[in-house]
Amino acid sequence: MSLDDTDTDGTGTIYRVKILVWRRNIDQYVQMIDDERKWSADIFSGSRAKSVTRVRSPENPKSSRRPPGELPTTLFNHNWLEDADDDYCQITLDVSKEDFPWIEFTPEQRQEADIM
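Residues numbered from 1 in each chain as written. Predicted model: local features only at pLDDT ≥ 70, side-chain atom pairs only at ≥ 80, totals over all residues. Heavy atoms only, no water.

Caption draft 1: Geometry of the environment of Pro68. Relative to the elements of secondary structure, Pro68 occurs in the loop between β3 (53-55) and α2 (78-83). Residue Pro68 is classed as partly exposed on the basis of its relative accessible area of 42%. Considering only alpha carbons, one finds Pro68 and Asp94, 26 residues apart in sequence, at a separation of 9.3 Å. The residues contacting Pro68, other than those within four sequence positions of it, are Trp22 and Leu93. (Helix = DSSP H or I, 4+ residues; strand = E, 2+ residues; numbered from the N terminus. Buried < 20%, exposed > 50% of the residue type's maximum accessible area, 1.4 Å probe, protein only. Contact = heavy atoms within 4.5 Å.)

Caption draft 2: Focus on helix α1 (residues 27-39). Given a rise of 1.5 Å per residue, 13 residues ought to cover 18 Å, and the 18 Å separating the end C-alpha atoms of α1 matches this to within 8%. Listed as buried for α1 are Tyr29, Met32, Asp34 and Asp35. (Expected span 1.5 Å × (residues − 1).)

Caption draft 3: The side chain of Ser63, seen in detail. When you line up the elements, Ser63 lands in the loop between β3 and α2. Among the polar contacts listed, one links the side chain of Ser63 to the backbone nitrogen of Arg65, at a separation of 3.0 Å. (Polar contact = N/O pair within 3.5 Å; in protein donor to acceptor, adjacent residues only side chain to side chain.)

Caption draft 4: A look at the packing of aromatic side chains. For the structure on display, the rule yields four aromatic pairs. Both rings, one in Trp80 and one in Tyr88, keep their centres 6.4 Å apart while their planes meet at 75°; by these two values the pair is edge-to-face. Taken together, the ring pairs connect Trp22, Phe76, Trp80 and Tyr88 into an aromatic cluster. (Phe/Tyr/Trp six-rings, centres within 6.5 Å; stacked < 30°, edge-to-face > 60°.)

Caption draft 5: Local environment of the nonpolar core. The biggest cluster of nonpolar side chains holds nine residues, and these are Leu20, Trp22, Leu71, Phe76, Leu81, Ala84, Cys89, Leu93 and Val95. Beyond its immediate sequence surroundings of up to four residues, Leu71 is in contact with Trp22, Phe76, Val95 and Ser96. (Core = buried A, V, L, I, M, F, W, Y, C linked by side-chain atoms within 4.5 Å.)

Caption draft 6: Molecular detail of the environment of Ser96. The residue Ser96 is located in the loop between α3 (86-92) and α4 (107-115) in this model. According to the relative accessible area criterion, Ser96 is buried, its value standing at 18%. For Ser96 and Glu70, which are 26 residues apart along the polypeptide, the C-alpha to C-alpha distance reads 5.1 Å. For Ser96, the side chain forms a polar contact with the main-chain nitrogen of Glu98, separated by 3.0 Å.

Set out below in structure tokens:
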């Protein structure tokens, strides 16, 4: 995750998350991880760093961070990968041919599991 300058308002620090154009959109998954601290506040120690609000938006600036090598195809933005040069993908990125199953789930599944 790449963070832009912070804003502060009356409630504290807010990070605006930069967009990694090469990465598959995982915003809802990352948000669920951020929200876990709120849902399960009783299991987190008070001595740890406090959670900070992160704003993810298509209007946020794009990151210049390059993708790491050897990631599976599933973790890339499909359109970005199609537009990328084949040599770049094969030599520089060394995109993994290994199968990486992507599990689709929604925040509602997390809430349903809490009820059970």
